[in-house]
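Summary of the model geometry
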Amino acid sequence: MKTIALLGNPNSGKTSLFNLLTGANQQVGNWPGVTVERKSGYYKKERTICIQDLPGLYSLSPYSLDEQVARDYLTQTPPDVLINIIDATNLERSLYLTLQLMDFELPMVIALNMSDLLVSQGKTIDLDRLSYSLGIPVIATSALKNKGVDELIKTALTAPKAQPLDYDHRLESALVEIKKVAALNHRFDQIKLFEGDPFLLTKLSADQRTEINEIVRITEKLMNDEREAILVNERYDLIGQFIKLCVTIKNPATFNRT
Ligand code: BGO
């Protein structure tokens, strides 16, 4: 039995894709300990594949129940593979979540959903370039028109583990130091500690917290910015480069760029 988890921003087409994959065969319950709805089902063409729906998210901070549910699931009971559903018409916002998901280092494939809407926006997204930039397979899909869905599942079953992207060397050095202090192997946790994630900080001793605060203080001074802003800017810098490389707009005077 393989488990494929579906993750993406709200309105990316996650529910539409989940319904297409599972048909009438769905189980609905709650995530452990919370009243957040949990939906799963078997892939209707291959019942040895379980499809796990996750709440729609914009980021992976621990500030909402949905985000906490997704984090707990990805760290405590990780799926075999993640399908990261991206809204092709809203690439910048979708890639912000993608970069965070990559830090879990799980096998991942991207469903570039809503791709049927690109023509009317005069946009083309170069799939090979996007895939190359992220190191993740990218499949164009339309959950509305049932396009690309079989190829998406086929690709998911052999997807490679996502490799986190490198940020500025000063931030990378800080993450190496945090890894030593906190003895946490997951890059996602190291980044969250750098950001000052209250949930993870409570798991450390007072000495560890002091050392990490010192690493962060020095990095903030070196990079002349605050901890959370450092990460946000690093992510948006990379996303800007990817969009420049992958998105073409036919007539920029007529169409708005996202
Ligand atoms: C409405 N292409 C297009 N064009 N639309 C899509 C696609 C796609 O590939 N995939 C999904 N949609 P959800 P989350 C709607 O409901 O699956 C549409 O939040 C409407 N509803 O049909 O719900 C999908 O689970 C009235 O649109 O997303 C849905 O991730 C008018 O995107 C919306 C117009 O999909 C969100 C659209 C009463």
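All of these numbers come straight from a predicted model, not from anything done at the bench. (Residues numbered from 1 in each chain as written. Predicted model: local features only at pLDDT ≥ 70, side-chain atom pairs only at ≥ 80, totals over all residues. Heavy atoms only, no water.)

**Digging into the sheet that holds strand β6 (residues 108-113)**
Pairing is mixed in the open sheet, where 7 strands are placed in the order β2-β3-β4-β1-β5-β6-β8. Strands at the two margins of the open sheet, each flanked by one partner only, are β2 (26-30) and β8 (138-140). On average, each strand axis in the sheet is inclined to that of its neighbour by 25 degrees, with strand direction left out of account. Summarising the sheet, strand β1 (residues 2-8) and strand β4 (residues 46-53) pair through 5 bridges and their orientation is parallel. Bridge pairing in β4 links Thr3 to Cys50. Its contacts with the sheet put helix α1 (residues 14-22) on β1, β2, β3 (37-43), β4 and β5 (81-87), and the angle it makes with β3 is roughly 40 degrees. Against the sheet, helix α4 (residues 127-134) contacts β6 and β8, and its axis sits at roughly 150 degrees relative to β8. (Pairing = 2+ DSSP bridges. Helix = DSSP H or I, 4+ residues; strand = E, 2+ residues; numbered from the N terminus. Axes fitted to C-alpha atoms, helices over the stretch in contact; angles between N-to-C directions. Contact = heavy atoms within 4.5 Å.)

**With respect to the packing of aromatic side chains**
What the rule picks out here adds up to 3 aromatic pairs. Ring centres of Trp31 and Tyr73 lie 5.4 Å apart, and the angle between their planes is 70 degrees; on these two criteria the pair is classed as edge-to-face. Here Trp31, found in the loop between β2 and β3, pairs with Tyr73, found in helix α2 (residues 65-76); they are 42 residues apart in sequence, far enough to count as distant. Exposure remark for Trp31: the relative accessible area of 5% places this residue in the buried category. Residue class for Tyr73 comes out buried when judged on its relative accessible area of 6%. Consider the rings of Phe104 and Phe188, whose centres lie 4.1 Å apart with planes at 25 degrees: the pair is stacked. One end of the pair, Phe104, is in the loop between α3 (91-102) and β6; the other, Phe188, is in helix α7 (residues 187-195), with 84 residues separating them in the sequence. With respect to burial, Phe104 and Phe188 carry one shared label: buried. One cation-aromatic arrangement involves Arg38 over Trp31; the distance from NZ or CZ to the ring centre is 3.9 Å. (Phe/Tyr/Trp six-rings, centres within 6.5 Å; stacked < 30°, edge-to-face > 60°. Buried < 20%, exposed > 50% of the residue type's maximum accessible area, 1.4 Å probe, protein only. Lys NZ or Arg CZ within 6 Å of the ring centre and 35° of its normal.)

**Some details on α3**
Owing to its 3.6 residues per turn, the α-helix brings residues three or four apart onto one side. Over its 12 residues, α3 runs 16 Å from end to end, which matches the ideal 16 Å to within 8%, given 1.5 Å per residue. Burial within α3 is extensive, with 10 of its 12 residues counted as buried. Residues of α3 that are buried include every one of Leu91, Ser94, Leu95, Tyr96, Leu97, Thr98, Leu99, Gln100, Leu101 and Met102, and no others. (Expected span 1.5 Å × (residues − 1).)

**Here we look at the layout of surface pockets**
Computed from the structure, the largest pocket encloses a volume of approximately 190 Å³. If you trace the largest pocket, you find it lined by Trp31, Pro32, Val34, Arg38, Leu65, Gln68, Val69, Asp72, Tyr73, Gln76 and Thr77. Among the elements that line the lining of the largest pocket, the one with the most residues is α2, at 6 residues. Residues of the lining of the largest pocket, tallied by class, amount to 6 nonpolar, 3 polar and 2 charged. (1 Å grid on protein atoms, 1.4 Å probe; cavity = no way out; pocket = protein on both sides within 12 Å on 5 of 7 lines; lining within 4 Å. Points joined across faces, edges and corners; volume = space filled by probe spheres on them. Nonpolar A, V, L, I, M, F, W, Y, C, P; charged D, E, K, R; others polar.)

**Here's the deal with the site of the ligand**
Around the ligand lies a shell of 15 residues, among which Asn11, Lys14, Thr15, Ser16 and Asp116 are the nearest. One nitrogen or oxygen atom from the side chain of Asn113 is found 3.1 Å from an oxygen atom belonging to the ligand. Between the ligand and Met114 there is a distance of 3.2 Å, counted from an oxygen atom to a backbone nitrogen or oxygen. With 3 residues, the single largest contributor to the shell around the ligand is α1. Considered class by class, the residues forming the shell around the ligand number 5 nonpolar, 8 polar and 2 charged. (Near = heavy atom within 4 Å. Polar contact = N/O pair within 3.5 Å; in protein donor to acceptor, adjacent residues only side chain to side chain.)

**Thoughts on the nonpolar core**
Core analysis: the biggest nonpolar cluster contains 61 residues, and Leu99, Leu134 and Phe194 have the highest contact counts within it. Looking at this core, you find at least three residues from each of domain 1 (2-156) and domain 2 (169-224). Among all residues touching Phe194, those that are not within four sequence positions of it are Leu171, Ala174, Leu175, Ile178, Val216, Thr219, Arg227, Ile230 and Leu231. (Core = buried A, V, L, I, M, F, W, Y, C linked by side-chain atoms within 4.5 Å. Domains from an automatic or database assignment.)

**Some words on the domain arrangement of the protein chain**
Interface size is commonly expressed as the accessible area that is lost once the parts come together. What the domain assignment lists for the protein chain is domain 1 (2-156) and domain 2 (169-224). A separation of 29 Å is found between the C-alpha centroids of domain 1 and domain 2. Listed per partner, the contact involves 10 residues of domain 1 and 8 residues of domain 2. In this assembly, domain 1 packs against domain 2 so that about 830 Å² is buried in total across both faces, 56% of it on carbon and sulfur atoms. Applying the counting rule to domain 1 against domain 2 returns 2 salt bridges. Of the charged contacts in the structure, one is a salt bridge between Asp103 and Arg187, with a shortest N-O distance of 3.4 Å. Viewed at the interface, domain 2 and domain 1 are joined by 3 residue pairs in polar contact (both at pLDDT 80 or more). Looking at the side of domain 1 that touches domain 2, its residues break down into 4 nonpolar, 3 polar and 3 charged. (Buried area = accessible area lost by both parts, 1.4 Å probe. Salt bridge = Lys/Arg side-chain N within 4 Å of Asp/Glu carboxyl O.)

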